[in-house]
Amino acid sequence: MEPRKFVAPEFILREGSLELAGLYASNLDAKKVFLVTDPGVIRAGWAGKVENALAQAGLPFVVFSDVTPNPKDTEVMAGAALYLREQCDVIVAVGGGSPMDCAKGIGVVASNRENILWFEGVDQIEKPCPPLICIPTTAGTAADISQFAIITDTARKVKIAIISKVVVPDLALVDPLTTTTMPADLTAATGIDALVHAIEAYVSNANSPVTDLNALEAIRLVSRNLKGAIEHPLDLRFRNPMMLASLLAGMAFSNASLGLVHAMAHSLGGFADLPHGDCNALLLEHVVAFNFDSVPERYVSIAKAFGLEIIDLPKAEQRTRLVDALRRFRIEAGVTGGLQEMGMKKTDLAKLAENALQDPCSVTNPIQPTLQDIEMIYERAF
Ligand SMILES: [Fe+2]
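The following refers to the structure shown. (Residues numbered from 1 in each chain as written. Predicted model: local features only at pLDDT ≥ 70, side-chain atom pairs only at ≥ 80, totals over all residues. Heavy atoms only, no water.)

### Re the layout of surface pockets
Of the pockets and cavities examined, the largest pocket occupies roughly 990 Å³. Along its surface, the largest pocket is lined by 45 residues, and G96, G97, S98, L186 and T190 are the ones closest to its centre. Residue assignment for the lining of the largest pocket shows that the elements contributing at least two residues are α2 (39-44), α5 (97-112), β7 (148-153), α6 (184-203), α9 (260-272) and α10 (276-291). Element by element, the count of residues in the lining of the largest pocket is highest for α6, at six residues. Considering only residue class, the lining of the largest pocket consists of 19 nonpolar, 18 polar and eight charged. In this structure, the second largest pocket encloses a volume near 360 Å³. Surrounding the second largest pocket, 18 residues form its lining, V122, Q147, I163, S254 and N255 being those nearest its centre. A per-element tally of the lining of the second largest pocket places helix α8 (residues 236-256) first, with four residues. (1 Å grid on protein atoms, 1.4 Å probe; cavity = no way out; pocket = protein on both sides within 12 Å on 5 of 7 lines; lining within 4 Å. Points joined across faces, edges and corners; volume = space filled by probe spheres on them. Helix = DSSP H or I, 4+ residues; strand = E, 2+ residues; numbered from the N terminus. Nonpolar A, V, L, I, M, F, W, Y, C, P; charged D, E, K, R; others polar.)

### Some details on the sheet that holds strand β5 (residues 121-122)
An order of β5-β8-β7 is seen for the three strands of this open sheet, with the pairing classed as mixed. Every other strand in the sheet has two partners, leaving β5 and β7 as the edge strands with one partner each. Strand direction decides the pairing type here: β7 and strand β8 (residues 158-163), joined by six bridges, are antiparallel. Looking at the pairing, F148 lines up with I163 of β8. (Pairing = 2+ DSSP bridges.)

### Considering the sheet that holds strand β9 (residues 171-174)
The sheet built from six strands is open, its strands ordered β1-β9-β6-β4-β2-β3 with parallel pairing. Edge positions in the open sheet fall to β1 (10-13) and β3 (61-64), since each of these has one partner strand only. Mean inter-strand twist for the sheet, computed between neighbouring axes without regard to direction, equals 15°. Pairing of strand β4 (residues 90-95) with strand β6 (residues 132-136) involves five bridges; the strand directions are parallel. Residue pairing across strands places V94 opposite I135, the latter belonging to β6. Its contacts with the sheet place helix α4 (residues 73-85) against β2 (33-36), β3 and β4, and it is angled at close to 165° to β3. Here α8 sits on the sheet in contact with β1, β6 and β9, set at roughly 165° to β1. (Axes fitted to C-alpha atoms, helices over the stretch in contact; angles between N-to-C directions. Contact = heavy atoms within 4.5 Å.)

### A word on the coordination of the iron ion
Distances from the iron ion to its protein donors, D193 (OD), H197 (NE2), H262 (NE2) and H276 (NE2), fall at 2.1 to 2.2 Å. Bound by four donor atoms, the iron ion shows angles of 85 to 170° at the metal and therefore irregular coordination geometry. Counting residues between consecutive donors of the iron ion along the chain gives the motif D-x3-H-x64-H-x13-H. Residue H197 is located in helix α6, and its partner H262 is located in helix α9; the two are separated by 65 residues in the primary sequence. What makes H197 buried here is its relative accessible area of 2%. We classify H262 as buried; its relative accessible area is 1%. (Donors = N, O, S within 2.8 Å, 3.2 Å for Na, K, Ca; no water. Tetrahedral: all angles 85-135°; square planar, octahedral: opposite > 155°, others 65-115°. Buried < 20%, exposed > 50% of the residue type's maximum accessible area, 1.4 Å probe, protein only.)

### Observations regarding the packing of α4 against α5
A packed helix pair is summarised by two numbers, namely the angle formed by the two axes and the spacing between the axes. Where α4 contacts α5, the two axes come as close as 8 Å, and the packing angle between them is 55°. Judged on the interaxial angle alone, α5 and α4 are oblique. In the crossing of α4 with α5, the sense of the turn from one axis to the other is right-handed. Each of E75, V76, M77, G79, A80, Y83 and L84 in α4 lies in contact with α5, whose residues at this interface are C102, G105, I106, V109 and A110. Residues belonging to the contact of α4 with α5 are distributed by class as follows: nine nonpolar, two polar and one charged. (Parallel < 35°, antiparallel > 145°, perpendicular 65-115°, else oblique. Left-handed = near helix turned anticlockwise from the far one by under 90°.)

### Things to note about the packing of α6 against helix α7 (residues 209-231)
The interhelical angle for the contact between α6 and α7, taken along N-to-C directions, is 160°, at an axis separation of 8 Å. Taken together, the axes of α6 and α7 are roughly antiparallel relative to one another. Considering only the axes of α6 and α7, their crossing is left-handed. Between α6, through A184, T187, A188, G191, I192, A194, L195, A198, I199 and Y202, and α7, the contact on the second element is made entirely by D212, A215, L216, A218, I219, V222, L226, A229 and I230. By residue class, the composition of the contact of α6 with α7 is 16 nonpolar, two polar and one charged.

What follows is the structure in structure tokens.
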């Protein structure tokens with residue numbers, strides 16, 4: 001076995017862990033906290049709860065909430081300018097993937113004093129970031145766990161991936177209670193994002209025994225609990241395992257990377273500012289159909305974790321069964337339609353395919369796609 005490195009932050013997974021934000025910021029020797037969030041999380045009340053926790057610990061803080069879905073380079077730069085102006089020294093992010101990725105970007109810029117777009121790619125960050133505590137309020141993105149930050153380059157209309165140990169948070173306070181205010185569509189989109197993280201990590205050409213274990217358990221948990229979380233939003237018997245699934249899938253993909261679903265979803269999200277989870281959900285079945293023959297035994301294991309026994313079937317039948325089950329799963333979760341309904345035009349697909357091929361996530365896909373392959377997969381998801 002090749003020696004492999006596995007990176008994960010310190011994390012606390014339990015109901016109410018959000019309340020520990022002040023204590024842990026103090027432990028990190030904070031003098032002034034920079035709190036990154038967004039308007040939806042403020043409305044849901046979670047940012048206020050973190051503010052209370054900081055105040056109780058006697059910590060002054062500055063709130064930055066000018067963060068939109070698919071966080072933009074301009075938002076990161078504005079946040080970093082405010083962080084420096086206010087002389088903050090610890091960052092706390094509360095929210096979904098957007099505030100957390102934006103917070104990572106702010107930390108990178110505050111320490112390294114260059115435009116965030118300079119840090120695109122793997123291991124491009126020189127200086128360590130200020131301490132970062134992440135408090136996720138969705139169950140899926142796992143930005144609180146991962147060494148990824150995805151930022152939109154607004155001039156080029158592409159998402160850049162920043163992949164570095166430097167952006168792994170110092171602490172994740174993973175509190176399933178925060179997910180109880182998610183509406184059904186966000187629960188579905190983020191839950192399927194977690195499923196895609198696990199599937200892509202498991203078939204990644206950088207997979208490993210440790211990431212495999214996390215990925216398969218995450219697949220099992222999402223397949224059994226997403227529907228319940230959508231139908232019974234306040235019921236922690238579904239929210240707890242979905243939060244665990246997100247965390248496990250996060251540890252898997254952070255260390256094994258992703259694949260073509262994410263490469264293509266990043267391209268769509270950057271080009272048309274579409275929700276990440278919905279893009280993934282619509283692309284997943286088509287990428288699985290394309291990839292299946294390159295690692296069929298891995299997809300049979302995925303099917304088994306998903307609750308499908310297909311091992312004794314002929315290969316073509318195995319692929320059809322798994323692809324159909326994934327399609328049914330997203331439709332039952334409420335993600336219907338295709339790229340056309342999301343406002344895309346056929347004439348956009350060539351450019352989208354070009355950008356997807358450049359995305360670092362396509363490198364770890366189990367089979368290397370051509371430009372034509374990617375365009376064909378977009379066509380099928382249309
Ligand atoms: Fe994702």
